[in-house]
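# Notes for the structure review
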Amino acid sequence: MTGWRVEMLERIVVDEAVRELRPDFAVLVMTAEGLVNGPSDAESEEWLAEAAGKADAADPHVEAWRDAYRAFGSKPQRTRPSVDALLRRADALPAINKVVDAYNAVSVEYALPIGGEDLDAYQGPARLVRATGDEPFDVMQGGEPAVEHPGPGEVVWRDDAGVTCRRWNWRQCVRTRLTETTKNGLFLLERLEPYPLDRLAEAGDRLAGRLRAIAPDVRITSRLIGGR
């Protein structure tokens, strides 16, 4: 299984149509094998509290993401980039589970969109594309499973089965969400200019350290895609 996951990391791609939209886009992709997740605890809640004290809603990276949303026809005031939404409620971030708390804390501290996914739920490699509008997106509505579809031209992460995250980093699907039973994770740390690449690498190191605090034997591999 380890070989398959390494292959997955190497097969993740950013489609040329997305590169044309934002040539400055870069993503640090990370796999974490052997996670031992669980309910939020005092340590993970402290990470969230520490991050709240460092939150900067005026970081220029937030406005860069608003501009990126406008570029593919989305209104960032209605469907906010994930980092914008997190920073707006940094003082009251919900504790979800240890691993989600870890990456949300890093996201807030570094003003950086971060997605966390259950690697074992993926069907084929992740890729960032502009949607046709026919792709399925699994959600919960009124406590029941339902299927939505992205708008044509919307930037989405997807695999062979459908969309895993709509509007670049706005909302993740139910199928690949990271839960307390997740054993192997995929993390996407997304950057636009003027965000420095060395700060992106630092955020990746911070997340890796948090994951090792949760699961000391976790095996972490990463790859940078894009950047200039």
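Keep in mind that this is a model prediction, so the values were computed, not measured. Position labels on residues start from 1 in each chain and follow its written sequence. Residues qualify for local features only when their pLDDT is at least 70, as the model is predicted, and side-chain atom pairs are given and counted only at 80 or more; totals for whole chains, interfaces and linings, by contrast, use all residues. Hydrogens and water are ignored here; the side-chain numbers use all heavy atoms of the structure.

### Considering the sheet that holds strand β8 (residues 163–166)
Between any two strands, pairing holds if DSSP finds at least two bridges. Counting from the N terminus, the helices are DSSP H or I runs at least four residues long and the strands are E runs at least two residues long. Ordered by their spatial adjacency, 5 strands build an open sheet running β1-β4-β7-β8-β9, and the pairing between neighbours is mixed. Of all strands in the sheet, those with a lone pairing partner are β1 (13–14) and β9 (171–172), marking the two edges. One ladder, built from 2 bridges, connects strand β7 (residues 155–158) with β8; its direction is antiparallel. Bridge pairing links Trp-157 to Cys-165 in β8.

### A look at the pattern of salt bridges
Salt bridges are counted wherever a side-chain nitrogen of Lys or Arg sits within 4 Å of a carboxyl oxygen of Asp or Glu. Going through the model one piece at a time under the given rule, you end up with 19 salt bridges. One salt bridge in this structure joins Glu-63 and Arg-66, with 2.8 Å as the shortest N-O distance. A residue pair is termed a helical-turn pair when its members lie 3 or 4 positions apart in one helix, as Glu-63 and Arg-66 do in helix α4 (residues 60–71) at 3 residues. Of the residues examined, Arg-66 reaches a relative accessible area of 18% and is grouped as buried. Between Arg-175 and Asp-159 there is a salt bridge; the shortest N-O distance is 2.9 Å. Of this pair, Arg-175 sits in the loop between β9 and β10 (184–191) while Asp-159 sits in the loop between β7 and β8; the two residues are 16 residues apart in sequence, bridging distant segments of the chain. Three exposure classes are used, based on accessible area relative to the maximum for each residue type with a 1.4 Å probe and protein chains only: buried under 20%, partly exposed in between, and exposed over 50%. For Arg-175, a relative accessible area of 23% puts it in the partly exposed group.

### Regarding the nonpolar core
Buried Ala, Val, Leu, Ile, Met, Phe, Trp, Tyr and Cys residues that are joined via side-chain atoms within 4.5 Å together make up what is termed a nonpolar core. Counting 62 residues, the largest nonpolar core has Trp-157, Trp-168, Phe-187, Leu-189 and Leu-207 as its most contacted members. In terms of residues, this core owes the most to one element, helix α6 (residues 98–110), which gives 8 residues. With 8 residues, the next largest nonpolar core counts Val-129, Ala-131, Val-156 and Cys-173 among its residues.

### Here we look at unusual backbone geometry
Omega for the bond connecting Glu-193 with Pro-194 falls within 30 degrees of zero, at 15°, which places this linkage in the cis form. Considering the arrangement of structural elements, one finds Pro-194 in the loop between β10 and α7 (197–214). Positive phi is not limited to glycine here, since Ala-111 has a value of about 50°. Here Ala-111 lies in the loop between α6 and β3 (114–118). In this structure Ala-111 comes out as buried when scored by relative accessible area, which is 3%.

### Structural notes on the sheet that holds strand β2 (residues 26–33)
Across the sheet, 4 strands lie side by side as β3-β10-β2-β11; this open sheet has antiparallel pairing. A single partner strand is all that each edge strand has here, and the edge strands are β3 and β11 (219–226). Mean inter-strand twist for the sheet, computed between neighbouring axes without regard to direction, equals 15°. Pairing of β2 with β11 involves 8 bridges; the strand directions are antiparallel. Between the N-to-C directions of two axes lies an angle of 0 to 180 degrees, each axis being a line fitted to C-alpha atoms and, for a helix, fitted only over the stretch in contact.

### Considering the packing of aromatic side chains
For this analysis, a ring pair means two rings from Phe, Tyr or Trp (six-membered ring only for Trp) whose centres lie within 6.5 Å, classed as stacked if their planes differ by under 30 degrees, edge-to-face if by over 60, and tilted for the remaining angles. Taken as a whole and assessed by the stated rule, the structure comprises 6 aromatic pairs. Note on Phe-25 and Trp-65: the rings are 6.3 Å apart at their centroids and 85° apart in plane angle, and the pair reads as edge-to-face. Placement of the pair is Phe-25 in the loop between α2 (16–21) and β2 and Trp-65 in helix α4, with a sequence separation of 40 residues. In this structure, Phe-25 and Trp-65 share a single accessibility class: buried. These aromatic residues form a ring-pair network of at least three members: Phe-25, Trp-65, Tyr-69, Phe-72 and Trp-168. When the NZ atom of lysine or the CZ atom of arginine is within 6 Å of a ring's centre and also within 35 degrees of its normal, the charge is said to sit over that ring. When the ring centre of Trp-170 is taken as origin, the NZ or CZ atom of Arg-167, which lies over that ring, is 4.6 Å away.

### Notes on the packing of α6 against α7
For the pair α6 and α7, interaxial distance at closest approach is 10 Å and the crossing angle is 155°. Accordingly, the angle class assigned to the pair α6 and α7 is roughly antiparallel. Of the two elements, α6 crosses α7, and the hand of that crossing is right-handed. For the pair formed by α6 and α7, the contact residues are Lys-98, Val-99, Ala-102, Tyr-103, Ala-105, Val-106, Glu-109 and Tyr-110 on the first element and Arg-199, Glu-202, Ala-203, Arg-206, Leu-207, Arg-210, Leu-211 and Ile-214 on the second. Side-chain classes follow a simple rule in which Ala, Val, Leu, Ile, Met, Phe, Trp, Tyr, Cys and Pro form the nonpolar group, Asp, Glu, Lys and Arg form the charged group, and the remainder, Gly included, forms the polar group. Across the contact of α6 with α7, the residue classes break down as 10 nonpolar, no polar and 6 charged. Note on angle classes: values under 35 degrees are labelled roughly parallel, values over 145 roughly antiparallel, values of 65 to 115 roughly perpendicular, and the remainder oblique. Rotating anticlockwise by less than a right angle from the far helix to the near helix defines a left-handed crossing, while the corresponding clockwise rotation defines a right-handed one. In this description, contact between two residues means that some pair of their heavy atoms is separated by no more than 4.5 Å.

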